[in-house]
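In case you want the letters, here they are:
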Protein chains: 2
Amino acid sequence: MPQLRTALAQVNASVGDVAGNSAMILDWTRKAVAEGAHLVVFPELVLSGYPVEDLALRKSFAAANRAELEELAGKLRAAGCGDALVVVGHLERDDSGPRNAASFLHGGEVVATYHKHYLPNYGVFDEARYFAPGSRLPIVRWHGLDIGVVICEDIWQNGGPVAALGEVGVDVLVCPNGSPYERAKDDQRTPLVTGRAVEAGAPMLYVNLVGAQDELVFDGDSMVSDAEGRIVARAPQFAEHLLFTDLDVPAGGYTSTTVEVDPGRPAFEVQRIVLAPDPLPGYEPLPEPPLPEPLSEPAEVWGALVTGLRDYAHKNGFRTITFGFSGGIDSAVCAALAADALGPDALHGVSLPSTHSSEHSRSDASELAERLGCHFQVQPIAEMVEVFDRQLELTGLAAENVQARARGVTLMALSNLHGHLVLATGNKTELAVGYSTIYGDAVGGFAPIKDVPKTLVWELARWRNAEAEKRGEVPPIPENSISKAPSAELRPDQVDQDTLPPYEILDVVLDGYVEGDLGYADLLARGYDAELVERVLQLVDRAEYKRRQYPPGTKITFKAFGRDRRLPITNRWREVKP
Amino acid sequence: MPQLRTALAQVNASVGDVAGNSAMILDWTRKAVAEGAHLVVFPELVLSGYPVEDLALRKSFAAANRAELEELAGKLRAAGCGDALVVVGHLERDDSGPRNAASFLHGGEVVATYHKHYLPNYGVFDEARYFAPGSRLPIVRWHGLDIGVVICEDIWQNGGPVAALGEVGVDVLVCPNGSPYERAKDDQRTPLVTGRAVEAGAPMLYVNLVGAQDELVFDGDSMVSDAEGRIVARAPQFAEHLLFTDLDVPAGGYTSTTVEVDPGRPAFEVQRIVLAPDPLPGYEPLPEPPLPEPLSEPAEVWGALVTGLRDYAHKNGFRTITFGFSGGIDSAVCAALAADALGPDALHGVSLPSTHSSEHSRSDASELAERLGCHFQVQPIAEMVEVFDRQLELTGLAAENVQARARGVTLMALSNLHGHLVLATGNKTELAVGYSTIYGDAVGGFAPIKDVPKTLVWELARWRNAEAEKRGEVPPIPENSISKAPSAELRPDQVDQDTLPPYEILDVVLDGYVEGDLGYADLLARGYDAELVERVLQLVDRAEYKRRQYPPGTKITFKAFGRDRRLPITNRWREVKP
């Protein structure tokens, strides 16, 4: 049976950096070819970065992408990679509009181009806004094997290009992806990849981006399924990786170009391109590397959050981070994430005590800094708050909020002085119910735990400390920050549960309402207390403006409070019955 | 020829307020029927409000819409309107998903329902995300005339339901719309309506929403075109209105239900429903009201901005407004808009002088308040700024920004104390180039002139003053605020043009880059200076995060810096050549 050494390049592209991404593709292809790869596959839109959003609509950007693609083909040949077949995802534009494309590069030329057929238009995806769907199916015969390509969503929908390729016949299917991380996504992704391999009757080479772009984290997790649906190779999550597989598969010798699988849609136009009709001489395959151990649930979430924060900082030119160390659990977890993402020396914690701050909040904050080995300073806000209070005669909510805002102004001033990225440390539960001060604790460029419910914040803290202990390191998070009752400390003896239901209950109701899209009646049917449900739903429905003003943050669920959850601000709909 | 008295109800719906919108529909139908209307037509999604965004995906919301629609049919009959035919836009959900629907209500029943076919998915529109496209064409015979319905985008695309209805034959075409205002949109809208009437060979009853929803303003401008493409009746812009027209048109006596106009798409299924086969006895038509005078360009923009601000405040429960009166042109125009929108007694201006504030900025601010007759107070920020400066040892940009932020904290404290809506007074030019302080002058719930370029701000000021003079009123805006050189006054003797190109040039380049989507080469080809273009493009490309954090504001162009212009924050694409 024909053999083929394939390499999946699980790389971290930057949106808009066409030249940089091109240089990266060249570099990784060189490494792959040096190890004898015959076929090298890069992820979806790797040349432009993903997702490009409205940049896709700029003609000059599409033109730059196409020009760079053609130059890249030449550079690959010049670098001695012209004998390999390289699959590169890129943007281009033709008479029908922008295309989400993947091209085969070989011998200094762009030899064939596929246009993504199924364009996802839900959740974080707006591809129907940007791209025209493709109907052309190039199949390249390469060292005796017929290689077809589809892109990401094409394998998430039934019928379409995978079914068409299965019908006309391919020996190998490659699939470049820009598939964002979500909790437990592998429960869907792995059976999908193996199922489509079986459907097409061919091994599936699934390669995904890694790294973060704004709110999205791409977790990698590239994999190879054989035609029987068995995972034979797999890359780790959250790390760049070059995944080699030696295929040894039967050649079908397919010649059909006729396909008619999807009535009501344009038929697919099959293009068969013969680059190398004959199999390679037999060679000794690489030893099969063991499949990586799957990450535990908290380890996977932690990896996503670290990646999200690290790439947001670095890709936006920030080398250092600051935010308020309150002594509470949220800022402690953010600090541990920041230290893991950028190193403790990049982290500049600030304690911002007010007259309502407890002794333990000050000592827990300084203990956190000590455990992490990060920079730390104390900036009391009493004097600033006093001027506002006196001049404006503040009382009640106004007096509470001015404390959070004095902290926000202080952190932004330190950011302006020293170039730090400011983090907002709010969690998903707070955001859901609007338990934060706009222009106060909501100040910042990035919100690392914005999509993490409060109960999961605690779980992550315990997990991270236990990991440290396993490794013989100092657990980063003070035990007292985990165990004490959470408080905003904006008035004397305040605790969160004065205002909010217990977090264990609140998080379950929020999960049903937000993630599950359950209505009031559905929630009651699940046995939750009517008064509690009413209270929670009203809080959520009224906090849309606050959420809108919150900084972006790493998304770990399908329904993060991010840019993709589109709700009107002016909205009189109340789920709750009168 | 059969006669028919039609009434187009140009109303202001509220998103999510299904019960309130239903009561409004009942009320306006009563008024129309009292004047003898036989057919009453409401705008697109009037029952749910428009646009509902991700609310469309909530099953409980769709169910509430459908239930209210059926109740409304009963209420209309109970109110003595059961003999009229009423067309109501509403959300519903079936096995294919949510639908953007319009139903014919008559005799206490929902007699037929149309589903929007063309779903716009560009600019502010995301309808492919929400709705399944329809393929059913109900045609109702009513007093001898065959009445067909299409919705909004259906008339903006060639082919599809309008062509199909033209082919099978209708006597009258009704078109409910949620068509947002844009500058000069009537140049497209009017010929479109008249052209489709000619294409269908039938009068077109075009009814649009009026009022604002978040960043969108619906300007009304409902109109009737006869089958020859002549506008025979028209409602004013920016006002609720009931537009009566007595039709007297030939009955085609159409019976065909066969249509095959759009190969490659599902064929339309024509449903002919006979409610009243015979023409009405002849009656005396109402006198034709004169067509309203078209508004001048500045009057139209002003109307949009006043409507946007008024509805944002009222629909979000704000009765009063506050913001900083700087003495400059932006805050002066915002003040005049606020006074026009909510009345001068609702406006609480605050002068927030710093040590760098000029004497004229203080006197211009108080003169503005006097001219408007609004509330006014002075809150110097020197003492607050001094504490931050001293404690944090601020210099340079950090010292400049802390002034803007002390103002932001002060205004938010006043908002917390008194319940005012805070306005951010930045204009489109500033937003484009990032000339604002995040958490400083960007503080607020709404930004009325966010989509107004600086040069248009001046033009609006002059126009508004001239209007006042025409009416014998005090011109609201101090002459000095219009004529003096703009300055942020964050350091001594600072003026905007220290940092920015002259606004006349800047606005033209920005218009090309943002609105025209021109690339670097295109802009040079238009003869603009290369250095200037490079500088402007770099400023724009780097200000995405700031724009994202800015409050929402009324949109008057296709490419406002609003929620619909979707650009990555992390974006390494630079249009400028090295």
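These numbers come from a predicted model, not from an experiment. For every chain, the first residue of the written sequence is number 1, and numbering continues from 1 along that sequence. The order in which chains are written sets their letters, starting at A; the order in which ligands are written sets their numbers, starting at 1. Restriction of local features to residues with pLDDT of at least 70 applies here, the model being predicted, together with a cutoff of 80 or more for giving and counting side-chain atom pairs; totals for whole chains, interfaces and linings are based on all residues. As a rule here, side-chain values cover all heavy atoms of the structure and leave hydrogens and water aside.

Chemist: Describe the relation of the copies chain B and chain A, and please don't skip the residues or the numbers.
Modeler: Copies overlap after least-squares fitting; the atoms used are the C-alpha atoms of residues with pLDDT of at least 70 in both. With an axial shift of 0.0 Å and an RMSD of 0.0 Å, the rotation relating chain B to chain A amounts to 180 degrees. A rotation of that kind, with that shift, is consistent with a two-fold axis. The share of interface residues of chain B whose copies in chain A are also at the interface is 100%, consistent with both copies meeting through the same surface. We call two residues in contact whenever any of their non-hydrogen atoms come within 4.5 Å of each other.

Chemist: I'd love a proper account of the interface of chain B and chain A, names of residues and values included.
Modeler: With 83 residues of chain B in contact, the opposing surface of chain A contributes 83 residues. Taking both sides of the interface into account, the surface hidden between chain B and chain A amounts to around 7100 Å²; carbon and sulfur atoms contribute 52%. Salt bridge criterion: a side-chain nitrogen from Lys or Arg within 4 Å of a carboxyl oxygen from Asp or Glu. Where chain B packs against chain A, one counts 10 salt bridges. Across the salt bridge formed by Glu 383 of chain A and Arg 390 of chain B, the nearest N and O atoms sit 2.7 Å from each other. N or O atoms within 3.5 Å of each other form a polar contact, as long as, within protein, one can give a hydrogen and the other can take it, and as long as residues adjacent in sequence are counted only when both atoms are side-chain atoms. On the surface where chain B and chain A come into contact, there are 43 residue pairs in polar contact (both at pLDDT 80 or more). Elements that contribute at least two residues to the side of chain B that touches chain A include exactly helix H2 (59-81), helix H3 (127-130), helix H7 (297-315), helix H10 (382-392), helix H11 (396-418) and helix H18 (544-549) of chain B. Counting residues per element, the side of chain B that touches chain A draws most heavily on H11 of chain B, at 13 residues. Classification convention: Asp, Glu, Lys, Arg as charged; Ala, Val, Leu, Ile, Met, Phe, Trp, Tyr, Cys, Pro as nonpolar; all other residues, Gly among them, as polar. Here the residues of the side of chain B that touches chain A are counted per class, giving 42 nonpolar, 21 polar and 20 charged. Throughout, buried area stands for the accessible area (probe radius 1.4 Å) lost by two parts on being put together, summed over both. The helix count covers DSSP runs of H or I at least four residues long, the strand count covers runs of E at least two residues long, and both are numbered beginning at the N terminus.

Chemist: An account of the domain arrangement of chain A is requested, with residue identities and associated values reported.
Modeler: All names here are of chain A. Assigned domains within chain A: domain 1 (3-274) and domain 2 (298-548). For the purposes of this description, domain bounds are those given by an automatic or database domain assignment. Once you take the C-alpha centre of each, domain 1 and domain 2 turn out to be 39 Å apart. Contacts between domain 1 and domain 2 engage 14 residues on the former and 13 residues on the latter. For the pair domain 1 and domain 2, the interface holds one salt bridge. Its residues placed into classes, the side of domain 1 that touches domain 2 shows six nonpolar, four polar and four charged.

Chemist: Provide a residue-level description of the packing of helix H13 (residues 454-470) of chain B against helix H15 (residues 503-515) of chain B, including the pertinent values.
Modeler: Residues and elements named next belong to chain B. As a packed pair, H13 and H15 sit with axes 8 Å apart at the nearest point and diverge in direction by 120 degrees. Our classification of the angle between H13 and H15 gives oblique. Between H13, through Lys 454, Thr 455 and Trp 458, and H15, the contact on the second element is made entirely by Tyr 503, Glu 504 and Asp 507. For the contact of H13 with H15, the class distribution of residues is two nonpolar, one polar and three charged. Here the axes come from fitting lines to C-alpha atoms, over the contacting stretch only for helices, and the angles between their N-to-C directions go from 0 to 180 degrees. Orientation is classified from the angle alone, with under 35 degrees giving roughly parallel, over 145 giving roughly antiparallel, 65 to 115 giving roughly perpendicular, and any other angle giving oblique.

Chemist: So, the packing of aromatic side chains: which residues are in play, and what are the values?
Modeler: Aromatic rings in a pair are described by how distant their centres are and how their planes are angled relative to each other. What counts as a ring pair is set by centres within 6.5 Å for rings of Phe, Tyr and Trp (its six-membered ring), and what kind of pair is set by the plane angle: stacked under 30 degrees, edge-to-face over 60, tilted for all other angles. Applying the stated rule across the entire model yields 23 aromatic pairs over all chains. Aromatic side chains Phe 325 of chain B and Phe 376 of chain B sit 6.1 Å apart centroid to centroid with 35 degrees between the ring planes, which places their arrangement in the tilted category. Of the two residues, Phe 325 of chain B is situated in the loop between strand S16 (321-324) and helix H8 (329-342) and Phe 376 of chain B in strand S18 (residues 375-378); the sequence distance between them amounts to 51 residues. On the accessibility criterion, Phe 376 of chain B (29% relative accessible area) is partly exposed. Within the aromatic cluster, the residues linked to one another by ring pairs are Tyr 122, Phe 125 and Phe 558 of chain A. Only when the NZ atom of a Lys or the CZ atom of an Arg is both within 6 Å of the ring centre and within 35 degrees of the ring normal do we say a charge sits over the ring. The ring of Phe 561 of chain A is capped by Lys 428 of chain A, whose NZ or CZ atom sits 5.8 Å from the centre of that ring. Between Lys 454 of chain B and the ring centre of Trp 458 of chain B, over which it is positioned, the NZ or CZ distance is 5.5 Å. A simple rule labels every residue: compare its accessible area, found with a 1.4 Å probe on the protein chains alone, to the largest value its type can have, and call it buried under 20%, exposed over 50%, or partly exposed in between.

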